[in-house]
Amino acid sequence: MYRKVDAKEPAKAREQRVLSFWREHDVFRESERMREGSPEFVFYEGPPTANGRPHPGHVLTRVMKDVYPRYRTMKGFHVTRKAGWDTHGLPVEIEVEKKFGISGKKQIQEFGIERFVQECKNSVFTYEQTWRELSERLGYWVDLDNPYMTLTDDYIESVWHLLKTIYEKGLLYKGHRVSPYCPHCETTLSSHEVAQGYKDVKDLSVTAKFRLLDPSEVARVFAQGQLPDDTPTYILAWTTTPWTLPSNVALAVNPEFTYVLIHDAAAKENYVVAEGRKEHYLTEERRVVTACTGAELAGLRYQPVFPYVTVDGKKHVVVTSSHVTDESGTGVVHMAPAFGEDDYRVCQENGVVFVNFVDLSGHFTDTVSDFAGRFVKDEQVNVDIVKHLAARGLVYDKGKHEHAYPHCWRCDTPLLYYAIDSWFIRMTAIKAEVIENSRGVHWIPEHIRDGRMGNFLENLVDWNLSRSRYWGTPLPIWVCDRCGRTECIGSKAELKERAGRLPQELHKPYIDDVRWTCACGGRMERVPEVIDVWFDSGSMPFAQWHYPFENQEQFHRLYPADYVCEAIDQTRGWFYSLLAISSLVKGMAPYKNVLVLGHVVDEDGKKMSKSKGNVIDPFEAFDLHGADALRFYFLVNTQPWNSQRFYHRAVAEAKAKFIDLLQNVHAFYALYAGIDGFCPAEHHVPVAERPLMDRWILARLHDTIRRADEALAAFDATTAARQIQGLVNDLSTWYVRRNRERFWAGGMEADKAAAFLTLYEVLATVAKLIAPLTPFIAEELYQNVVRSWDETAPVSVHLCDFPVAEADLVDERLLDEMDWVLWAVESARHLRNESKLKTRQPLSTLYLPQNLEDVLGKFTDILAEELNVKEVAFVQLEEIARPELFLNLKEVGRAYGKEVPAINQAAKQAAPQVMAAFAAEGKVELAGRVITRDMAEIRYHAAFPGLIDVSGRGFVGLNTQLTPELIEEGFVREIISKMQMMRKEVDYEVTAKVVFAAYGDEEVLAILRRHQERIARTVLIRDVHFGSMEGDLTKEWDINGKPLTLTVKG
RNA sequence: GGGCCUAUAGCUCAGCCGGCUAGAGCGCACGACUGAUAAUCGUGAGGUCAGAGGUUCAAGUCCUCUUAGGCCCA
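Residues numbered from 1 in each chain as written. Chains lettered and ligands numbered in written order. Predicted model: local features only at pLDDT ≥ 70, side-chain atom pairs only at ≥ 80, totals over all residues. Heavy atoms only, no water.

### Overview of the overall build of chain A
Next, step 1: Helix and strand counts for chain A come out as 38 helices and 38 strands.
Next, step 2: In terms of C-alpha radius of gyration, chain A reaches 42 Å, well past the compact-globule figure of 31 Å for 1050 residues.
Next, step 3: Reported as C-alpha extents along the three principal axes, the dimensions of chain A are approximately 130 × 90 × 55 Å.
Next, step 4: Burial statistics for chain A: of 1050 residues in total, 56% are counted as buried.
Next, step 5: By sequence separation, contacts in chain A at least 24 residues apart represent 77% of the contacts at least 6 residues apart.
Next, step 6: By element, 47% of the accessible surface of chain A is carried by carbon and sulfur atoms, the whole surface being about 44,600 Å².
Next, step 7: Charge centroids of chain A, computed over 125 positive and 150 negative side chains, lie 2 Å from each other. (Helix = DSSP H or I, 4+ residues; strand = E, 2+ residues; numbered from the N terminus. Rg over C-alpha atoms; globule rule 2.2 N^0.38 Å. Buried < 20%, exposed > 50% of the residue type's maximum accessible area, 1.4 Å probe, protein only. Contact = heavy atoms within 4.5 Å. Areas by Shrake-Rupley, 256 points an atom, 1.4 Å probe, with all protein chains shown as cover. Lys, Arg positive; Asp, Glu negative; His and termini not counted. Charge placed at Lys NZ, Arg CZ, Asp CG, Glu CD.)

### So, the side chain of Thr-61
Next, step 1: Topologically, Thr-61 is positioned in helix α3 (residues 56–74).
Next, step 2: On the basis of relative accessible area, Thr-61 is assigned to the buried category, the value being 7%.
Next, step 3: Of note is the side chain of Thr-61, whose polar atom sits 2.8 Å from the backbone oxygen of Gly-57.
Next, step 4: The residues touching Thr-61, leaving out its near neighbours within four places in the chain, are Cys-565, Glu-566 and Leu-597. (Polar contact = N/O pair within 3.5 Å; in protein donor to acceptor, adjacent residues only side chain to side chain.)

### So, the protein's contact with RNA strand B
Next, step 1: In the vicinity of RNA strand B there are 39 residues, among which Arg-452, Asn-455, Trp-744, Arg-840 and Val-990 approach most closely.
Next, step 2: In RNA strand B, atoms within 4 Å of the protein come 79% from sugar and phosphate.
Next, step 3: Between RNA strand B and Asn-637, the relevant distance is 2.7 Å, taken from a sugar or linking oxygen to a side-chain nitrogen or oxygen of the residue.
Next, step 4: Mapped by element, the contributors of at least two residues to the surface near RNA strand B are α16 (452–458), α24 (648–676), α26 (717–743), α29 (812–835) and α36 (964–986).
Next, step 5: In terms of residue class, the surface near RNA strand B is made up of 9 nonpolar, 15 polar and 15 charged. (Near = heavy atom within 4 Å. Nonpolar A, V, L, I, M, F, W, Y, C, P; charged D, E, K, R; others polar.)

### Focus: the sheet that holds strand β12 (residues 332–335)
Next, step 1: Spatially, 3 strands are ordered β11-β7-β12 in an open sheet, and the strand pairing comes out mixed. Of all the strands in the sheet, the pair left with one neighbour each is β11 (317–320) and β12. Geometrically, the sheet is characterised by an average inter-axis angle of 30° between neighbouring strands, direction not taken into account.
Next, step 2: Note that strand β7 (residues 250–253) and β11 share 4 bridges and pair parallel. In the strand pairing of β11, Ala-250 is matched with Val-317.
Next, step 3: With respect to the sheet, helix α12 (residues 341–349) is in contact with β11 and β12, its orientation differing from that of β12 by roughly 85°. (Pairing = 2+ DSSP bridges. Axes fitted to C-alpha atoms, helices over the stretch in contact; angles between N-to-C directions.)

### Observations regarding a negative patch on the surface
Next, step 1: Negative charge collects at one region of the surface, where Asp-811, Glu-812, Asp-816 and Asp-819 lie side by side.
Next, step 2: Here Asp-816 shows up in helix α29. (Patch = residues over 30% accessible without salt bridge, like charges linked within 9 Å, V, L, I, M, F, W, Y side chains within 5 Å. Salt bridge = Lys/Arg side-chain N within 4 Å of Asp/Glu carboxyl O.)

### With respect to the packing of helix α22 (residues 618–625) against α24
Between two packed helices, what matters for the description is the angle formed by their axes and the separation of those axes.
Next, step 1: Running from N to C, α22 and α24 point in directions that differ by 35°, and their axes come no closer than 11 Å. Between α22 and α24 the crossing geometry is right-handed. Side by side, α22 and α24 meet where Glu-620, Ala-621, Leu-624 and His-625 of the first sit next to His-648, Val-651, Ala-652 and Lys-655 of the second.
Next, step 2: Of the residues contributing to the contact of α22 with α24, the split by class is 4 nonpolar, 2 polar and 2 charged. (Left-handed = near helix turned anticlockwise from the far one by under 90°.)

### Remarks on α29
Next, step 1: Between the first and last C-alpha of α29 there are 35 Å, a value that for 24 residues agrees with the 34 Å anticipated at 1.5 Å per step.
Next, step 2: Remark: Lys-836 follows α29 within two positions and exhibits a positive phi of approximately 65°. (Expected span 1.5 Å × (residues − 1).)

### With respect to the sheet that holds strand β23 (residues 561–567)
Consider a sheet: its strands pair through backbone hydrogen bonds, and that pairing is either parallel or antiparallel.
Next, step 1: The strand order β15-β24-β23 describes an open sheet built from 3 strands, whose pairing is parallel. The open sheet has two free edges, formed respectively by β15 (442–444) and β23, since each of these has just one partner strand. When the angles between neighbouring strand axes are averaged without regard to direction, this sheet yields 15°.

### Some details on the environment of Phe-535
Next, step 1: Among the structural elements, Phe-535 can be located in helix α18 (residues 533–538).
Next, step 2: Taking the relative accessible area as the measure of exposure, Phe-535 reaches 0% and is therefore buried.
Next, step 3: Separated by 16 residues in sequence, Phe-535 and Asn-551 place their C-alpha atoms 21 Å apart.
Next, step 4: Look past the residues within four positions of Phe-535 in its chain and what remains in contact with it is Val-159, Leu-162, Leu-163, Ile-166, Ile-425, Trp-463, Leu-465 and Ile-581.

### Focus: the pattern of salt bridges
Two side chains carrying opposite charge are able to pair once their charged atoms lie near each other.
Next, step 1: In the structure shown here, the tally under the stated rule is 67 salt bridges.
Next, step 2: Note that Arg-439 and Asp-450 form a salt bridge whose closest N and O atoms lie 2.7 Å from each other. Within this pair, whereas Arg-439 is found in helix α14 (residues 431–439), its partner Asp-450 is found in helix α15 (residues 447–450), the two being separated by 11 residues in sequence.
Next, step 3: The exposure class assigned to Asp-450 is partly exposed, which follows from its relative accessible area of 42%.
Next, step 4: In this structure, Glu-525 and Arg-515 form a salt bridge, with 3.1 Å as the shortest nitrogen-oxygen distance. Here Arg-515 lies in the loop between α17 (492–499) and β20 (516–517) and Glu-525 lies in strand β21 (residues 523–526), a separation of 10 residues in the sequence.
Next, step 5: Connected through shared salt-bridge partners, Asp-26, Arg-29, Glu-30, Arg-33, Glu-128, Arg-132, Asp-143 and Asp-145 make up one network.

### Thoughts on unusual backbone geometry
Next, step 1: Cis geometry marks the peptide bond from Tyr-547 to Pro-548; its omega dihedral reads 0°.
Next, step 2: Relative to the helices and strands, Pro-548 is located in the loop between α19 (540–543) and α20 (552–557).
Next, step 3: Pro-560 follows Tyr-559 through a cis peptide bond whose omega is -5°.
Next, step 4: Inspection of the secondary structure puts Pro-560 in the loop between α20 and β23.

### Topic: the environment of Thr-932
Next, step 1: Assignment of secondary structure puts Thr-932 in strand β31 (residues 929–932).
Next, step 2: By relative accessible area, Thr-932 is classed as partly exposed at 26%.
Next, step 3: Each C-alpha atom of the pair Thr-932 and Phe-364 lies 91 Å from the other, and the pair is 568 residues apart in sequence.

### So, the environment of Asn-739
Next, step 1: Structurally, Asn-739 is set in helix α26.
Next, step 2: Overall, Asn-739 belongs to the buried group, its relative accessible area being 4%.
Next, step 3: In this structure, the C-alpha to C-alpha distance between Asn-739 and Thr-792, residues 53 residues apart in sequence, is 30 Å.
Next, step 4: Within the structure, the side chain of Asn-739 is placed 2.8 Å from the side chain of Arg-742, a separation counted as a polar contact.

### A few points about helix α25 (residues 692–713)
Next, step 1: A rise of 1.5 Å per residue sets the reference length of α25, with its 22 residues, at 32 Å; its end C-alpha atoms lie 31 Å apart and thus fit the reference within 8%.
Next, step 2: The buried count for α25 comes to 17 of 22 residues, which makes it a mostly enclosed element.
Next, step 3: The positive-phi residue at the C-terminal boundary of α25 is Phe-715, with phi of around 60°.

### Considering the confidence of the model for chain A
Next, step 1: Scored by pLDDT, chain A comes out at a mean of 86, with 96% of its residues at no less than 70.
Next, step 2: Across the predicted assembly, pTM comes out at 0.85 and ipTM at 0.83. (pLDDT = per-residue confidence, 0-100.)

### Considering the state of the cysteines
Next, step 1: According to the stated counting rule, one finds 0 disulfides in the structure shown.
Next, step 2: You can see Cys-488 has no disulfide; the closest cysteine sulfur is in Cys-518, sitting 16 Å from it.
Next, step 3: A relative accessible area of 2% means that Cys-488 is categorised as buried. (Disulfide = S-S within 2.5 Å.)

See the structure below:
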């Protein structure tokens, strides 16, 4: 009935067996089914993208995502675990571009948008099988057969519904965003992409002259004294992008800076620059006339350097901005709002007009009549622009400027900073609410709340929703080409009502063909953008159920989440997008508990990345150590929000210290329970009637259940894992080791039954206790220990309830007392070690403090056996030891010099009360000198033949005097030990009786004869033959220095 | 440049509300045990608690600054 356990079986084989068992009995689904109707523990799965291979970090995430749902299921909750896939976005497009060797929008258009989009769709699930396998091998239970996928029409429709809700609240608006932009690929680049493409280049730079208008105003600001009011005054501004000058609409100065007015006597004109830059603009001909602050310059109007900006509104004025520095140029920055993020912002803040004279391919529009159609980053264009200015006397200076400028990582084209039409969600309007919602969330670790997330929300900006790409959820906004009327569509039904038809799918390019006629007679056409993929994933609480079009009940039952978990980089990613959308639509946080994980790093604490080549393949780790070992390592190693080092040696260690240890105890139990055909149902020994050791390990067990339960309830699996590891370690290294003999006693006396029952109860409970943490070994243990005889028990450990700590079994006092026992054992072993007398040599007496008799008295059997002594005596220290006041001569010498000999003499003769006084007060007077604690200590010497050890907790003494009887017994133990080793080496069944033959030293043989019966009983010997014999194994031994040759035969 | 986290033995980590001589595992050396046996146990060596200053009767722990590393963002 018990399967014999091969503790050396590779973990992979064991786990494969468990996996097929789970499949066969549909255990995962059953675990959900059996809790239907129970309170819901709501878990949201953050969707990964399946077009890349999983990384060790994904293993950690999945472990932490799995543990708590499993735990809660066992605690009686229903946990819906719907998988999800994040399918849209630029990374997918780039994979397809790579596959077909194309790059950039033009080539995509040549490739065909329909074909491109279909290829994206095909590529999305490239690694789905690998991800499935990862989940399965890891024992990550999630419903991969009914996942939500962001690319389905249902999902998109739900997202549209959310967008329309936001639109109707007036929070969705169109603006511009200045982004790094490649005019060749006609796409914006992410900061990551930009960072890849910096190159040092020499660009033409120019310091242009902007003539101030309104001489009277200028005269008022600068009290320019004797200079005629009509002296032309120019503000100087330096730029490395002359092509932006035709779009100039303002000049920015720092309001805090001082600006000086420099008069050039030769040219009879004035220049304005920041004071911090003035030395670069002074010559013999020039002098500083006067100065004013940047703030005072604000509002001055100037003559535009090009005539193209004709739009009505505020333009060509001096504005202020604190971002202006005086580290280069003139301390004045020319503003072209379409071509710089700061420019755009400053112009917006100051109500200055917006113009853009460069088309999407980077060429001047017709408005710039002198340069129309020319590419702005072309060097000659910039030269021509400068010449054009120079011809009109508007160039102060020109030169070449070398700087790092970003280039497209794909096509090497210099990037433009370029204002793109963008749709925004006005997050700033609900900022206070978002912050409040976040503050109500239980962030784990807590510092995320006010730290990373809190700071991020304090600096909240509007959400730039649109992406001018192809593969994504289309922004459902239609605009009339005549009257500009806009409409946001919130469902397929609405779309059909407007357009009279639906596209074949809600993706580009199909959706772009859906048009209708506006009330004004114009044509309603969709804006070209798709949306940020973060909006997709943040919509999942709604869209995973196709809410509100279907599954209203599911949605309401499963919102908000009790638990989500991702790595820390999701703070501004998924955690934020979920929070933002929920706050916008529902006015509340979408989750209650958020576990934020650290990153998985390599052995040296470096990030694992493909480029460094230090990524450990998760599958290799599964094969090598097994999923349980991986899971346990991640759980026990450190709290999961710290970064975790991951390397094979560390996982192997976790396996050895927990999985293997437990499997060893399991093997031990299976072996002897098998031999005796032990069936727990057939025996009953009340716990109160079991030996102390049994009561102790049960107390230890139930104490651990309580602690582990508390920890898991608080999302602290690390503490739970550590508690359980401690239990398993005590079980193996103390309980089983100390009680082995009870399991191989003959028959089935009450004591033996108690031992079996106790070990059974512990193992059966541990199986359930570890089920959420290490589900494979838990199942293995449960099947063999419980299900092998109890067919009424649930089919799988994962269908069981979590163990309940029984308070009356947690005997705190007993736990405390066993701590003292272990202290005594350790101290005594230390003495054994010092005495050089091996444990097989019995000794007469172990001395322990009398005041511990109450605590240790009932454990004398255990102590005597463990330490192999005949007697445990509880005594006063003074009875067995003599104290000595031992001086630290170096310290005493430092204080009292040549008086040391006299003081030392006094110390050696110190009366007991002197020593008692020193012990109590830490100082005493010797030979007229004060001896303090740092100068002396009290040492104890054994007053009996043996050793003594005195520590803060108490003392332990070991009598090492040997008698002939003790020596003879030592020989017996030695002979038994050698015989057992031989049995093991031949590998007889543990119950097989054997024959031994012996010859050698007469004294040893005499001892063997005298104790033959006892030896035979212990070693299971049928017959001892004195002399030589043919057998299975013959060995020559050294028995305490005397030769003995043994032969064994089955 | 801003923010967050981390720093304790050769390595990986504990260390509660500030409180006895700062612990564990691994590794190393030595020893032991043995019907779990490529398992197990003990002992030993190994510490500037990153550095400096402060608060306190008392600081690894609280405060300030510095240094180094990691992460997020500009």
